[in-house]
Structures are given as C-alpha cells and as structure tokens.
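# Structural overview
Listed here are the chains, written in short residue letters.
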Amino acid sequence: MKRFRVLKHFIDCLSDNDVAVFSGPEFSREAFENDRDGNFYVLDSPGLAASLALGMAMNSNKRVFLFVGDGEFLMEFGSYAQIAVSKCKNIICVILDNDCYQSAGGSPTIFRSLNSVAGVIFNMGLISLNYTPHFEGRFDLSNMKKKVGNLIGPVAILINIEKGDNKNVGNVTLSKKELSERLKKFIENESLGSSMFVPPYSLDFFDVNTDGGNV
Amino acid sequence: MKAQDFWKFLCEEMGYRFFAGVPCMGFKTLYGSMSPRFMHYIPAVRENIALGLANGSYLAGTKSAVIMNLDRLYNLLDWLTSFNCEHSVPVLILAYRDSYDEKMISALASYGIPHKVLVSVEKDIKSLLKKMDKLGLPGIAIIEEGVLE
C-alpha cells in the first residue's frame, strides 16, 4: 500500500484524544490531507520528532503516536533507545518502511540491510509489531481501530509500504506558530480525556536517575 | 549562589519542572543537588535529544530546560533555529562555559537567540526569561565557573 493510504487509514484508527506527530515535509503534507487538531507536523527539523514525541508523552496523559520513515528512524537511533528506557506507556512509534529516502529521489537506506530490524528494536527494549499484513489487500477498519485502540507503549509498529509519494497533496497551510498553539490547546484540553488506562510512566524511573541529596 | 538555592529558585519560583541534559564536569554540584521531589530530570544520550525532550515537554504544558556544556551548543543550532525559533518554543538552556571562546557567543548573537552570562543569578535569569517570553525564542543562560557552588 502507498504511504498516503497507510497514513489515511492509520489516522482514521486514532482516538479523538490521541496526539499524532508526523516527521518530514512529505509525511506532513500527506497527513495534512486528513488533518485533525491532535496532529503536529515537524516540517524541517530531521531527527527531532522522536525525542519531541517522547517529551510530549512524558508530560501528558494522552497517547502520542509518532510517524516516521525508515530513513529518519536511522538518523536519530539514540532517541529510540531513550523511548525504550523511558518505559513511557503512552508512546507508540509507527515506522513506515519504503527502503529509501523518498524525498531525496528514492536513494536507498540501510534499514533492510540490518541483520534484523525487529531484533534491533526488541534489544533496545521496545516491543516490535509488524502491521504490514493489515495494510495489504482489503483494509479492515473496525478490526484495526480495535487493535490501535488497545495499544500500550513503548512500542514500535513496522509497516512496509510501497515507494512513491502522492504528488496531488497540498502544503500544510497552518504556520508553525499556529501548529504549536493548536497542539498546546489540544493537550491542555482535559475534556477530551485520555485513551490511557494506566499512568503514562513509572515514577521510579526518575528516582533511579537522580543521585543527588535533598534540597 | 548555592546550587540548591538555584534549583529552588528555578523550580519553585520560576515554575520549571522538567529537565533533560547531558552531564558536564562543570555542573557536578548542580547535578549533585537535584531533588526528584520537585523536578524531573532525564539523562539524554545527546544534547539534541535533550532539546527534543524539552521541546515536547513545553508543548505539553510543562516548563522545561536543557542542561549541557556550552561547547556542545553547536549541535543544537540547527534545531534551535529551524524548530524553536520558528515554532516559538522558548525552552531555557543552562550551559556551562569552561573556555573563553567568544565564537559561540557571537554565533548566538548573529542568530538572534537571547543569551546571558550569569553574574547576579536570580536577576539575570529573570531578565533572560522575560526576554524569551516576549520574543517567543529559546534562551541560553551561560554559567561560568564559581557562579554556582
């Protein structure tokens, strides 16, 4: 399935109170066709989206879905180790693998040359799920909605997609400041509630990492 | 100023709660006096990841800061200019300066990023934060040896 279709279907499966972070200009433009208030687009800071999404997840009770390509995943590998050790239960990484840098004319990435992508992800401490079969053939929205609705992080979802982007999509028409303001309002809006049934992270995590005395 | 008083000032008075950073020798005392009772500190694997965490925290409504060495700020200039300045995400960066290389200071000035070498800590931080809020830009509080003990 093409990236545009996968993004559309996945966005359809998100709950109203989920945050979705899209990385890169092409991802953002295609996702913007199915824009919602919880969507945030990182247009031109390659590599930033993963740590940004983790920072959001750690400070909010809403689930944060991070959408990245295989090229971007490799670019800031450390961020995913950070996501794994955070044990943050409300962060879900969706890696769309087309085995190339689409925005750079389709030159290949090393993603599929790794011994085992799932193994690398697993050894960092993330649960790895392969959702490729769900996006092949006829898409079952209700089944997928149920699956996505029950997701608890930290987890990485791998989806193999076809090469190519959708040339018919427009630009993100909101300014960067408007995007930030909209997201802040969305996260602060408590009336939306949360899809999380457990606290987003364990408080023990912080105790382990601060070795100082008491103030 | 004592490091413990600095945290009290920054967390209780200024409302900062979330910190991420990469340890630096000069901030040994600062790290030693952190308290999980009123702050969350995340050790990041690189300075740019610390900045990403702080940015995410700010967008989720929690005031956040990055702790790092000033020399490593070159790694952040890309994201500071392409994300923080354009999205108006005013995170605070506490940077330890152990060398007197003026190049970084002039780089910050040319990018228009607010910065201040702390002398009178409370007063200087307050004026830096005021400027950051007004401009919607990130700010660098430069801390030299002996300022926090």
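This text follows the structure it describes.
The sections below set out a description of the structure shown in this document. (Residues numbered from 1 in each chain as written. Chains lettered and ligands numbered in written order. Predicted model: local features only at pLDDT ≥ 70, side-chain atom pairs only at ≥ 80, totals over all residues. Heavy atoms only, no water.)

## Concerning a negative patch on the surface
Residue and element names in this part refer to chain B. On the surface, a cluster of negative charge is made up of D71, D98, D101 and E145. Examined against the element boundaries, D71 turns out to sit in the loop between β3 (64–69) and α4 (77–87). Residue D71 is classed as partly exposed on the basis of its relative accessible area, which comes to 40%. (Patch = residues over 30% accessible without salt bridge, like charges linked within 9 Å, V, L, I, M, F, W, Y side chains within 5 Å. Areas by Shrake-Rupley, 256 points an atom, 1.4 Å probe, with all protein chains shown as cover. Salt bridge = Lys/Arg side-chain N within 4 Å of Asp/Glu carboxyl O. Lys, Arg positive; Asp, Glu negative; His and termini not counted. Charge placed at Lys NZ, Arg CZ, Asp CG, Glu CD. Helix = DSSP H or I, 4+ residues; strand = E, 2+ residues; numbered from the N terminus. Buried < 20%, exposed > 50% of the residue type's maximum accessible area, 1.4 Å probe, protein only.)

## Details of the sheet that holds strand β6 (residues 139–144) of chain B
Residue and element names in this part refer to chain B. Ordered in space as β2-β1-β3-β4-β6-β5, the six strands form an open sheet in which the pairing is parallel. Each having just a single partner strand, β2 (40–43) and β5 (115–117) make up the two edges of the open sheet. When the angles between neighbouring strand axes are averaged without regard to direction, this sheet yields 20°. Where strand β1 (residues 18–21) lies against β2, four bridges are found, and the strand directions are parallel. Along β2, the bridge assignment pairs F19 with Y41. Across the sheet, helix α5 (residues 102–111) lies against β4 (92–97), β5 and β6, angled at about 145° from β5, the strand it touches most. (Pairing = 2+ DSSP bridges. Axes fitted to C-alpha atoms, helices over the stretch in contact; angles between N-to-C directions. Contact = heavy atoms within 4.5 Å.)

## Brief notes about the sheet that holds strand β7 (residues 127–130) of chain A
Residue and element names in this part refer to chain A. Across the sheet, which stays open at both edges, the six strands sit in the order β2-β1-β3-β4-β8-β7 with parallel pairing between neighbours. Unpaired on one side and paired on the other, β2 (39–42) and β7 mark the two borders of the sheet. In this sheet, neighbouring strand axes are inclined to one another by 20° on average, regardless of whether the strands run parallel or antiparallel. Across six bridges, strand β4 (residues 91–97) lies against strand β8 (residues 155–160) in parallel orientation. The partner of I92 across the bridge, within β8, is V155.

## Examining the nonpolar core
The biggest cluster of nonpolar side chains holds 99 residues, and the ones touching the most others in it are F10 and V21 of chain A. When residues of this core are assigned to their parent elements, the largest contribution, eight residues, is made by helix α3 (residues 49–58) of chain A. Contact partners of F10 of chain A, with chain neighbours within four places excluded, come to F65, F67, V94, Y131, F135, M144, V148, I157 and I159 of chain A. Listed in part, the 32 residues of the second largest apolar core include Y96, V121, I125 and I143 of chain B. (Core = buried A, V, L, I, M, F, W, Y, C linked by side-chain atoms within 4.5 Å.)

## Focus on α5 of chain B
Residues and elements named next belong to chain B. Here α5 has its buried residues at M104, I105, A107 and L108. Axial view of α5: buried residues confined to an arc of 160°, hence all on one face. Seen from the open side of α5, the exposed residues pointing more than 90 degrees away from its buried face are K103, A109 and S110. (Arc of directions from axis to C-beta.)

## With respect to the packing of aromatic side chains
For the structure shown, the criterion picks out 15 aromatic pairs over all chains. Their ring planes at 55° and their centres at 5.7 Å tell us that F6 of chain B and W7 of chain B sit as a pair that is tilted. Geometrically, the ring pair formed by F27 of chain B and Y96 of chain B is edge-to-face, given 5.5 Å between the ring centres and 65° between the ring planes. Taken as a pair, F27 of chain B in the loop between β1 and α2 (28–32) and Y96 of chain B in strand β4 lie far apart in primary sequence, 69 residues in all. There is no split in this pair, since F27 of chain B and Y96 of chain B are both buried. An aromatic cluster is present here, built from F10, F22, F32, Y41, F65, F67, F135 and F139 of chain A joined pairwise through their rings. (Phe/Tyr/Trp six-rings, centres within 6.5 Å; stacked < 30°, edge-to-face > 60°.)

None of the figures reported here should be taken as evidence of function without further support.
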